[in-house]
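Fold and geometry: a report
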Amino acid sequence: MSSKMWDGRFKKSLDLKVNDFNSSIKFDWVMFREDITGSIAHAYMLGETGIINKSESERIIEGLEKIFEDIENGTLEIDFESEDIHMFIEAVLTERIGDTGKKLHTARSRNDQVALDIRIYLKKQCDEIMDLLKCLIREIIEKAKENKTTFMPGTTHLQHGQPIVFAHHILAYAQMFKRDIERIADCKKRMDYMPLGSGALAGTTYPINRHLVAEKLGFANVTENSIDGVSDRDFVIEFASDLSIIMTHISRFSEEIILWCTSEYNFIELDDAFSTGSSIMPQKKNPDIAELCRGKTGRVYGSLITLLTMMKGLPLAYNKDMQEDKEAIFDVLENTKLSLDTFTGMLKTLKVNRDSMKKASQKGFLNATDCADYLVKKGLPFRDAYKITGQLVAVCIEKNISLEDLPIEEYKKICEIFEFEVYKYIDLEYCVNERKVYGGPSKESIETQIKNLEKFLEG
Ligand code: ARG
C-alpha cells in the first residue's frame, strides 16, 4: 500500500499495482529540470505578490535549487514509487524544508503544472531538432559542392527521365529539411504560451501574476483560457506531426541510398563505419542505418496516431488519458534525433561513384527531350519535334545504341532539318548546363541554391 499527498479524503491506501499503473515517474522524471524551474518561477511570483511572504518564497527557491543540483549530480535519487515527478519534487522539498514546502502548491494544480513542464521541455527540444536539421543541411551542401558536375539520371516512376547532377538531386532534400526547420519554428511559436494560473481548470482566486511567471520562464505569451490552458495538447500533436514529416524525408532519402548502393546501381559506397556485414554471406555490406531510419519512420507515425487518438474523445478539461502524451512524444523525439544524427554521419562519409552515375546517364535516352527541343529551336512545333524524336529513339532501341551514337544520316532520314550540330545539343553536359532556369540543375543554379541555403542557415 502506498500513502499519497492527496489521501485526505481516502480511507484506504492505493493498491500497489494500481499505484504502479497510475504512476508516470518512470518516464516523466526526465522533466525534473523543467518542473523545478517552473516551480521556482511560481514560488518567486507567490513571494512578489505577497501570497506567501518573501522569506518563505526564498526558502522554497533555495530548497528547489538544491534539489535540482542534487538530482543533477546524483546525490538525490529519484523515487520511482512516487506518482509523478511533480509529487516527488514537492515531497522532497517538504521533507527538507518543513511546512514552508507545503506552500509551494498554493494557487497551482498539477494540471497546469504538467502543461507548463511539457511546454518548457518541448520548446527546448524544438531547438535541438532545428540544430540537427541545420547540421544535416550543411552536410548536404558540402556533398553538393563536391558534385556540381557529377551527372546522374533524373527519374520519374524510377525510369530514366532527364539528365541532372548529383548536387541538384540532394539539394532537393535540403529544401525539404529547410521547410522542416520553418515548420518547427512555427510550431514553437504556438508552444510559447505559459499555462500556469489555469489551476485545475477554472483559474484561481489568488491575486497571482501570470505575466511575471511567463517573463521569468522566457515565454512570449500566457494562455488565454484556463480550460484550454490545461486541456490543450495540440502543440504535442503538432510537434509529433512535424517530426513525422521530417522522418518522411529521411525515409525517402534512405530508400534512395539503399537503392544507390546496390550492385545494380553502384552510385555510392557507404563508409565501413556506417555499414554492417552479414553473419553468413562474407561479401555483404548492408545499408542497415538507412534501413533503420526508414523503419523508425513507421514507429514515429504510430506515436502520432497514438496522440491523435488519445485526444479525440476527451471532454474538457484535464483527463488522465493525457498522461499518455509523454511516452509517445518522448519516443518520437528520441528516434527522430537518433535518425537525424546517424543519417548525417552516413551522408558525410559516403563515397560518390561519379563514373557509375555518368555511365547510367548515358543510357535510357535522358537527352530525348533535348533532342526535341533542338528541333523546336530550328522552328518545328514541339508536338512534331516530340514525335520525330520518338521515332529516332525507336531506331536507337532497334540498333541498341544511344542518340549520341546514331549517325547523322539516320537523323536526316527521319527529318531533314537535323544538322551535325545536333550532337552538341544532346551532349550530357550541355543538356544539364543549359537548364539555366531558376531552380534548374545548371551549375549557376546549383550555386544559387547553395548560396540561398547558406544564407538561410546563417539567419
Ligand atoms: N502525471 C500527470 C500527467 O502526466 C500529471 C497531472 C495529474 N493531474 C491529475 N489531476 N491527476 O498528466
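This section reports on the structure supplied with the text.

The rules we used
Residues numbered from 1 in each chain as written. Predicted model: local features only at pLDDT ≥ 70, side-chain atom pairs only at ≥ 80, totals over all residues. Heavy atoms only, no water. Patch = residues over 30% accessible without salt bridge, like charges linked within 9 Å, V, L, I, M, F, W, Y side chains within 5 Å. Areas by Shrake-Rupley, 256 points an atom, 1.4 Å probe, with all protein chains shown as cover. Salt bridge = Lys/Arg side-chain N within 4 Å of Asp/Glu carboxyl O. Helix = DSSP H or I, 4+ residues; strand = E, 2+ residues; numbered from the N terminus. Buried < 20%, exposed > 50% of the residue type's maximum accessible area, 1.4 Å probe, protein only. 1 Å grid on protein atoms, 1.4 Å probe; cavity = no way out; pocket = protein on both sides within 12 Å on 5 of 7 lines; lining within 4 Å. Points joined across faces, edges and corners; volume = space filled by probe spheres on them. Nonpolar A, V, L, I, M, F, W, Y, C, P; charged D, E, K, R; others polar. Core = buried A, V, L, I, M, F, W, Y, C linked by side-chain atoms within 4.5 Å. Contact = heavy atoms within 4.5 Å. Near = heavy atom within 4 Å. Polar contact = N/O pair within 3.5 Å; in protein donor to acceptor, adjacent residues only side chain to side chain. Expected span 1.5 Å × (residues − 1). Arc of directions from axis to C-beta.

Considerations on a nonpolar patch on the surface
A cluster of nonpolar residues, Leu201, Ile227 and Leu316, forms a patch on the protein surface that exposes about 280 Å² of accessible area. Mapped onto the elements, Ile227 comes out in helix 9 (residues 226-231).

Points about the pattern of salt bridges
Any two side chains of opposite charge can pair, given that their charged atoms come close. As enumerated under the stated definition, the model contains 36 salt bridges in all. Across the pair Glu83 and Lys320 runs a salt bridge whose closest N-O atoms are separated by 3.6 Å. Highlighted residues: Glu83 in the loop between helix 4 (54-72) and helix 5 (85-97) and Lys320 in the loop between helix 11 (288-312) and helix 12 (325-349), separated in sequence by 237 residues. With a relative accessible area of 4%, Glu83 lands in the buried category. Residue Lys320 is classed as partly exposed on the basis of its relative accessible area of 32%. Connected via shared salt-bridge partners are Glu83, Asp84, Arg110 and Lys320.

Regarding empty space enclosed by the protein
Applying the stated criterion across every chain, the model contains 2 cavities of 30 Å³ or more. Of the volumes computed, that of the largest cavity is approximately 40 Å³. Together, His42, Met45, Ala107, Asp112, Met194, Leu196, Gly197, Ile208, Arg210 and Val213 line the largest cavity. Listed by contribution, the elements that provide at least two residues to the lining of the largest cavity are helix 3 (32-48) and helix 8 (210-216). When its residues are assigned to classes, the lining of the largest cavity shows 6 nonpolar, 2 polar and 2 charged. Here the second largest cavity defines a volume of roughly 30 Å³. As for the second largest cavity, its lining consists of Ser361, Gln362, Lys363, Phe365, Leu366, Asn367, Ser402, Leu403 and Glu404. Tallied by class, residues from the lining of the second largest cavity come to 3 nonpolar, 4 polar and 2 charged.

Focus on the nonpolar core
Residues Leu122, Ile140, Phe177, Phe239, Phe253, Ile257 and Ile329 are the most contacted members of the largest nonpolar core, which totals 76 residues. The biggest single contributor to this core is helix 6 (residues 110-146), with 14 residues. Sequence-distant contacts of Phe253, that is, excluding residues within four places in its chain, are made with Ile140, Ile170, Tyr173, Phe177, Trp260, Phe343 and Leu347.

Digging into the site of the ligand
Near the ligand the following residues occur: Ser24, Asp84, His86, Arg110, Asn111, Val114, Tyr318, Gln323 and Lys326. Taking Asp84, its side chain carries an N or O atom lying 3.1 Å from a nitrogen atom of the ligand. Within the side chain of Gln323, an N or O atom sits 2.7 Å from a nitrogen atom of the ligand. Against a free-state accessible area of 340 Å², the protein chains account for coverage of 87% of the ligand.

Structural notes on helix 19 (residues 443-458)
With 16 residues, helix 19 ought to run about 22 Å at 1.5 Å a step, and its terminal C-alpha atoms sit 23 Å apart, in line with that. Residues Ser445, Ile446, Gln449, Ile450, Leu453, Phe456 and Leu457 constitute the buried set of helix 19. The buried residues of helix 19 occupy an angular sector of 140° when the element is viewed end-on, so they sit on one face. Residues Lys455 and Glu458 are exposed on helix 19 and point more than 90 degrees away from its buried face. Elements in contact with the buried residues of helix 19: helix 6, strand 2 (159-165) and helix 7 (166-191).

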